[in-house]
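Structural overview
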Amino acid sequence: MNRRDILKQLAILSGGIMLVPSCDFSKNDVLKAYDNLQITADHKATLQKLCNTIIPSDTDHIGADELKLSDFVLVMINDCYSPEDQRIFTEGLKNLDQYSLEQTRQNFQSMSSAHANELINQILNHSDPDVEHSGDQVVVDFEQIRYCVRTTKHLTVQGYMTSEYIMKEVMPYKLVPGPFHGKLRIEENEKANIYG
Amino acid sequence: MANINNKGKAENTYDAIVIGSGMSGGWAAKELSENGLKTLVLERGREVEHLKDYPTTNLQPYEFPHRGKMSYEDAQQNPIVNRCYAYKEDAQHFFVKDEEHPYVQDAPFDWIRGYQTGGRSLLWARQVQRWSDYDFEGPARDGFAVDWPIRYKDVAPWYSHVEKFIGVSGHKDGLESVPDGEFLPPLELTAMEAYFKQAMAEHYPDRPVIIGRCAHITGNFEYYAKQGRGGCQNRRLCQRGCPFGGYFSSNSSTLPWAMKTGNLTLRHHAVVHSIIYDDQKEKATGVRVIDAKTNTPTDYFAKIIFVNAGSINTNLVLLNSTSDRFPNGLGNDSGLLGKYMAFHNYRARISGDYDGLKEFRTSGRRPTAGYIPRFRNLQKQETDFLRGYAAGLSGSRQIITDYNGIGEELKSNLLNPKYGPWRIGSHMMGETIPKEISTVKLDSKLKDQWDIPQLRIDIQYDDNDEKMTQDYLEQMHEMFEAAGVRNIQTDDDRRAPGLDIHEMGGVRMGKDPKTSLLNKWNQMHEVPNVFVTDGACMTSTSTQNPSLTYMTLAARAANYAVDELKKQNI
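As the structure is a computational prediction, the values presented were derived from the model and not from experiment.

Calculation rules
Residues numbered from 1 in each chain as written. Chains lettered and ligands numbered in written order. Predicted model: local features only at pLDDT ≥ 70, side-chain atom pairs only at ≥ 80, totals over all residues. Heavy atoms only, no water. Helix = DSSP H or I, 4+ residues; strand = E, 2+ residues; numbered from the N terminus. Buried < 20%, exposed > 50% of the residue type's maximum accessible area, 1.4 Å probe, protein only. Contact = heavy atoms within 4.5 Å. Buried area = accessible area lost by both parts, 1.4 Å probe. Salt bridge = Lys/Arg side-chain N within 4 Å of Asp/Glu carboxyl O. Pairing = 2+ DSSP bridges. Axes fitted to C-alpha atoms, helices over the stretch in contact; angles between N-to-C directions. Lys, Arg positive; Asp, Glu negative; His and termini not counted. Polar contact = N/O pair within 3.5 Å; in protein donor to acceptor, adjacent residues only side chain to side chain. UniProt positions renumbered as here; feature names shortened; annotations may be inferred. 1 Å grid on protein atoms, 1.4 Å probe; cavity = no way out; pocket = protein on both sides within 12 Å on 5 of 7 lines; lining within 4 Å. Points joined across faces, edges and corners; volume = space filled by probe spheres on them. Nonpolar A, V, L, I, M, F, W, Y, C, P; charged D, E, K, R; others polar. Parallel < 35°, antiparallel > 145°, perpendicular 65-115°, else oblique. Left-handed = near helix turned anticlockwise from the far one by under 90°. Phe/Tyr/Trp six-rings, centres within 6.5 Å; stacked < 30°, edge-to-face > 60°. Lys NZ or Arg CZ within 6 Å of the ring centre and 35° of its normal. Core = buried A, V, L, I, M, F, W, Y, C linked by side-chain atoms within 4.5 Å. Expected span 1.5 Å × (residues − 1).

**Side note on the overall build of chain A**
The helix and strand inventory of chain A stands at nine helices and three strands. Ordered by position from the N terminus, the helices and strands of chain A form the series α-α-α-α-α-α-α-β-β-α-α-β. Residues classed as buried in chain A amount to 47% of the 196 residues present. Taking the contacts inside chain A whose residues are at least 6 apart along the sequence as the reference set, 63% of them involve residues at least 24 apart.

**As for the interface of chain B and chain A**
If you look at the interface, chain B gives 49 residues, while chain A gives 56 residues. Here chain B meets chain A over a buried area of about 4500 Å², counting both sides, of which 62% is carbon and sulfur. Contact with chain A buries area across many residues of chain B, yet Tyr62(B), Ile406(B) and Leu415(B) alone supply 16% of it, more than any other trio. Inspection of the region where chain B meets chain A yields two salt bridges. Note that Asp58(A) and Lys411(B) form a salt bridge whose closest N and O atoms lie 3.3 Å from each other. Those elements that provide at least two residues to the side of chain B that touches chain A are helix H2 (72-77), strand S13 (360-363), strand S15 (389-400), helix H11 (407-415) and strand S16 (418-431) of chain B.

**A look at the environment of Trp131(B)**
Residue and element names in this part refer to chain B. Inspection of the secondary structure assignment puts tryptophan 131 in the loop between strand S3 (104-105) and helix H4 (133-136). A relative accessible area of 0% places tryptophan 131 in the buried class. When the C-alpha positions of tryptophan 131 and lysine 511 are compared, they lie 19 Å apart, and in sequence the two are 380 residues distant.

**What to know about the pairing of strand S17 (residues 439-447) of chain B**
All names here are of chain B. Bridge count for S17 against strand S18 (residues 453-458) is five bridges, and the pairing is antiparallel. Bridged to leucine 442 within S18 is leucine 455. Between the end of S17 and the start of S18, which pair antiparallel, lie five residues, with aspartate 451 showing a positive phi angle near 65 degrees.

**Side note on unusual backbone geometry**
In most cases, non-glycine residues show a negative phi, while peptide bonds are predominantly trans. One non-glycine residue, Asn234(B), lies in the positive phi region at around 60 degrees. Under the relative-accessibility criterion, Asn234(B) is labelled buried at 8%.

**A word on the sheet that holds strand S6 (residues 270-278) of chain B**
Residues and elements named next belong to chain B. As summarised here, the arrangement of the three strands in space is S6-S7-S8, forming an open sheet in which the pairing is antiparallel. Since the sheet does not close on itself, it has two edges, and those belong to S6 and strand S8 (297-301), each with one partner. When the angles between neighbouring strand axes are averaged without regard to direction, this sheet yields 30 degrees. For strand S7 (residues 283-291) and S8, the ladder comprises five bridges, and the chain directions are antiparallel. When the sheet's bridge partners are listed, valine 289 is paired in S8 with threonine 298.

**Quick word on the side chain of Arg126(B)**
Residue and element names in this part refer to chain B. As for its position among the elements, arginine 126 is in the loop between S3 and H4. Put simply, arginine 126 is tucked away with no salt bridge, and the nearest opposite charge, on aspartate 90, sits 11 Å away. Within the structure, the side chain of arginine 126 is placed 3.3 Å from the backbone oxygen of proline 367, a separation counted as a polar contact. The contact partners of arginine 126, leaving out residues within four places of it in the chain, are Arg213, Cys214, Ala215, His216, Cys238, Tyr247 and Pro367.

**Observations regarding the UniProt feature "domain: Glucose-methanol-choline oxidoreductase N-terminal" (unreviewed entry) in chain B**
Here the UniProt-annotated "domain: Glucose-methanol-choline oxidoreductase N-terminal" (unreviewed entry) positions come out as residues 152-322 of chain B. Structurally, residues 152-322 of chain B is divided into 29% helix and 19% strand, and its ends, taken at the C-alpha atoms, are 35 Å apart.

**Observations concerning empty space enclosed by the protein**
All names here are of chain B. This structure, assessed with the given rule, holds two cavities of 30 Å³ or more. The volume enclosed by the largest cavity comes to roughly 90 Å³. Looking at the largest cavity, the residues that line it are His216, Cys232, Gln233, Asn234, Arg235, Arg236, Leu237, Cys238, Gly241, Cys242, Gly246 and Tyr247. Forming the walls of the second largest cavity are Asp135, Ser177, Val178, Pro373, Arg374, Leu378, Thr543 and Gln544. For the lining of the second largest cavity, the class distribution of residues is three nonpolar, three polar and two charged.

**Regarding the side chain of Arg361(B)**
Its place among the elements puts Arg361(B) in strand S13. Within polar-contact distance, the side chain of Arg361(B) engages the side chain of Glu190(A) at 2.6 Å. Ignoring sequence-local partners within four residues, the contact set of Arg361(B) consists of Gly182(A), Lys183(A), Leu184(A), Ile186(A), Glu190(A), Arg397(B), Tyr419(B) and Trp422(B).

**Considerations on the packing of helix H8 (residues 142-161) of chain A against H11(B)**
Contact geometry for H8(A) and H11(B): axes closest at 12 Å, N-to-C directions at 45 degrees. With respect to H11(B), the axis of H8(A) lies oblique. Note that H8(A) runs across H11(B); the crossing there is right-handed. Facing Lys153(A), Val157(A), Tyr160(A) and Met161(A) of H8(A), the residues of H11(B) in contact are Leu410(B), Lys411(B), Leu414(B) and Leu415(B). Split into classes, the residues belonging to the contact of H8(A) with H11(B) amount to six nonpolar, no polar and two charged.

**Some thoughts on the packing of aromatic side chains**
Applying the stated criterion across every chain, the model contains 22 aromatic pairs over all chains. Summarising the aromatic geometry, the rings of Trp124(B) and Phe248(B) are spaced 6.3 Å apart at their centres and angled 90 degrees between planes, so their arrangement reads as edge-to-face. Of the two residues, Trp124(B) sits in the loop between S3 and H4 while Phe248(B) sits in the loop between helix H8 (221-225) and helix H9 (254-260), which places them 124 residues apart along the sequence. In this structure Trp124(B) comes out as buried when scored by relative accessible area, which is 10%. The exposure class assigned to Phe248(B) is buried, which follows from its relative accessible area of 0%. The residue whose ring lies beneath Lys183(A) is Phe360(B), and the NZ or CZ to ring-centre distance is 4.6 Å. In this arrangement the basic side chain of Arg126(B) is found over the ring face of Tyr247(B), its NZ or CZ atom lying 5.9 Å from the centre.

**Regarding the sheet that holds strand S5 (residues 264-267) of chain B**
Residue and element names in this part refer to chain B. Spatially, five strands are ordered S5-S2-S1-S9-S21 in an open sheet, and the strand pairing comes out parallel. Whereas interior strands pair on both sides, the edge strands pair on one side only; in this sheet they are S5 and strand S21 (530-532). Between one strand axis and the next, the sheet turns through 15 degrees on average, direction left out of account. Where strand S1 (residues 16-19) lies against strand S9 (residues 304-307), four bridges are found, and the strand directions are parallel. Considered in S9, the bridge of valine 18 is made with phenylalanine 306. Where helix H1 (residues 23-34) meets the sheet, its contacts fall on S1, strand S2 (39-42), S5 and S9, and the angle it forms with S1 comes to roughly 165 degrees.

**Comments concerning the nonpolar core**
Residue and element names in this part refer to chain B. Ranked by internal contacts, the top residues of the largest apolar core, which has 97 residues, are Ile19, Leu42 and Ile275. The dominant element in this core, judged by the number of residues it contributes, is helix H6 (residues 152-166), at seven residues. Excluding anything up to four places from it in sequence, isoleucine 275 contacts Ile19, Ala284, Gly286, Val287, Ile305, Val307, Val317, Leu318, Ser321, Leu330 and Val530.

**Side note on H8(A)**
All names here are of chain A. When the terminal C-alpha atoms of H8 are compared, their 28 Å separation across 20 residues agrees well with the 28 Å that a helix rising 1.5 Å per residue should span. Across the 20 residues that make up H8, a large majority, 15, are buried. The N-cap of H8, judged by a side-chain oxygen 3.0 Å from the amide nitrogen of glutamate 143 a few residues on, is aspartate 141.

**Focus on the pattern of salt bridges**
Residue and element names in this part refer to chain B. Counted according to the given criterion, the structure contains 50 salt bridges over all chains. In this structure, aspartate 493 engages arginine 349 in a salt bridge whose closest nitrogen and oxygen atoms are separated by 3.3 Å. Of this pair, aspartate 493 sits in the loop between strand S19 (486-492) and strand S20 (504-506) while arginine 349 sits in strand S12 (residues 348-354), and the two are 144 residues apart along the sequence. Take arginine 349: its relative accessible area is 24%, and that puts it in the partly exposed class. It is possible to trace a salt-bridge network through shared partners that takes in Glu137, Asp147, Arg151 and Lys511.

Quick look at the structure:
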């Protein structure tokens, strides 16, 4: 089975899990495809929520869920990152829920999108590394969480901007772009296309 | 070597053998077979057939699972080839992985190779500026290497011969430093580049800016249709192989053309062990080949042999071709084989922003860029270093995306990028001085998987290169400032030699057998039926991208060899 097929299966599988979130049997099943990263269905659901918090869908544009960007993030982490970076990423992902409970007393996976947005923004913009210490005890490793969230943002944005959806429907990229012009006047209110 | 497969010597006998099917080998093959010679081309790699074997050519960016990026594992296993700008998910199958053909680096040297039909002609950057006498006269004027045995007038008609066939887009600029050729319509400079050209004309009249001449078909379409090639579509995905045949490669052009003569035989997986020299006949009689897959040796025989294995591998073949007559390598009485290697210095680059021309943008993609021919030390020596550099120049309208925020804010930012200032950038292409200490040689113990000695490469920068790099950055900084460019940033990446992929020399041309290996016809002084017409023959490097000159020398030498055969001189 190639990676593409695995991903397809994974998408079906994790989609199913989201419909039955209380199913303990599959919840911590390490998904075969991600043996290396030790990503469980539960972590996958956290990642999906994270991706969708970074790029949600709206009435005009589809977002991370529809584009399965969490799959793209995992493939990139699994194939293109060093074992050490993978370890930090996975640890951060595992601890995100715990961090969410400590900071907001809410479960990240089930919190409203407004609250999720607030929490993730807080993690990305955090300047004080001492806050995650409760007394002298380190509750969770905040740096790992921040690495995971930042890396996920980077890859989610990359996956989004290089998705078939964006490159076909929003900012068209043409394999055969037509003649080159070195000096074209920009029309008023013309939208810039990074692939134009 | 036991069990040499010599059965049917007649079956393995041709008029000519060409070692290598790349840029220059393809040209030798075309000229020889067109002249009626039964020609065998030996290619060490696999077959890559034009159109058929370009698996990624029509893939969209989002069809690459990692959007072009190579895996962590691949980067760990192949640090050398991963440093090449074109080694990405879409073209990685055309590059040699580090382990596939090991070599020893006595000094860091990134040897970037493509073992397949067409070699690196599938992957090249397609820039084709002619040399002038400022280049051919360089060593004699400035007292390094040896005098070239040829001048511009000797090669000018052959430049034309090659340009017409490969298709060269360019503008007739009337410059002595890069003579005009047989040009198809030029591509446009961008508004920024055109402005910079004008600014240079004002402030530095001796530093012209031109559109880079490139091996792309932009006109005379009926002529190229005969090769089965169409016009360039500006896809700028050339490294994948072009489904239109829009740029020149051996695969799209010379090899199929030679095949049509009925005189060409192309043998793949043929790793050349050595050239066979007959002490009695006092000439080379054939080539010993190891099959890359079965490790079976086979000898092939011919009247003339063209060595076009790709500069460094050409040195390897000749160094490994030992006999009683030539114990130190074929035609190497001078002892200079594998010495006086050189390359192009691509270390430095510069970039900046320009605030004018706000109402303009570009559209589409372009397979070339602006070019500033060498101006340093051109007419006479004027600095404390020898020779000079050409510069690539590229100016484009920036589109800036704000990556701040998450959620709706981020999405809105991503989907509404804004025009930023024009960005202009340049990189240097510096001439390096061939020196006796810059060498490739055979390791006395280490062998590759075909039992051929591994190469040791020892080629380094010198003080001249350091000074030239500094001068490029200083001069370009001044030129950018004069044009009103701001936010100027410079970089010297100190990349290892080799990553320029313009390695040259080791089997240099010259007038005297004591100080060179090849005569003015690329013919070995001491083995007149062997010709070397790839980068190994280069006496000096100048600054121009070298492929056009290799092809030109190959075509010229092949026609000379045919004449000499007819006259029974070889």
